[in-house]
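Commentary on secondary and tertiary structure
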Amino acid sequence: MIKIKLTKSLITQSPVHRRTVKALGFTKLNQVRTLPDNECVRGMINKVKHLVEVIQ
């Protein structure tokens, strides 16, 4: 399992990045989600790495 925190706002982001963050399950700023550690989730995190923070 991997913990991810949404640290930046989506206001000025492209629609692709907004959809990716929503697919990760985020609805609010500073929200923390625990997701399975697999290739799909890692790819989504890599796509929006400037908006999220991986917490260990």
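Here the structure is shown first, and the text comes after it.
Here the structure is a predicted model, which is why all the values come from computation and not from measurement.

As enumerated under the stated definition, the model contains one salt bridge in all. Between R42 and D37 there is a salt bridge, with its nearest N and O atoms 2.7 Å apart.

What follows concerns the environment of L10. Topologically, L10 is positioned in the loop between strand 1 (2-6) and helix 1 (15-23). L10 gets classed as partly exposed once you look at its relative accessible area, which sits at 24%. As for L10 and V21, which are separated by 11 residues in sequence, their C-alpha atoms are 8.6 Å apart. If sequence neighbours within four positions are ignored, L10 has contacts with R18, V21 and L51.

Rules behind the numbers
Residues numbered from 1 in each chain as written. Predicted model: local features only at pLDDT ≥ 70, side-chain atom pairs only at ≥ 80, totals over all residues. Heavy atoms only, no water. Salt bridge = Lys/Arg side-chain N within 4 Å of Asp/Glu carboxyl O. Helix = DSSP H or I, 4+ residues; strand = E, 2+ residues; numbered from the N terminus. Buried < 20%, exposed > 50% of the residue type's maximum accessible area, 1.4 Å probe, protein only. Contact = heavy atoms within 4.5 Å.

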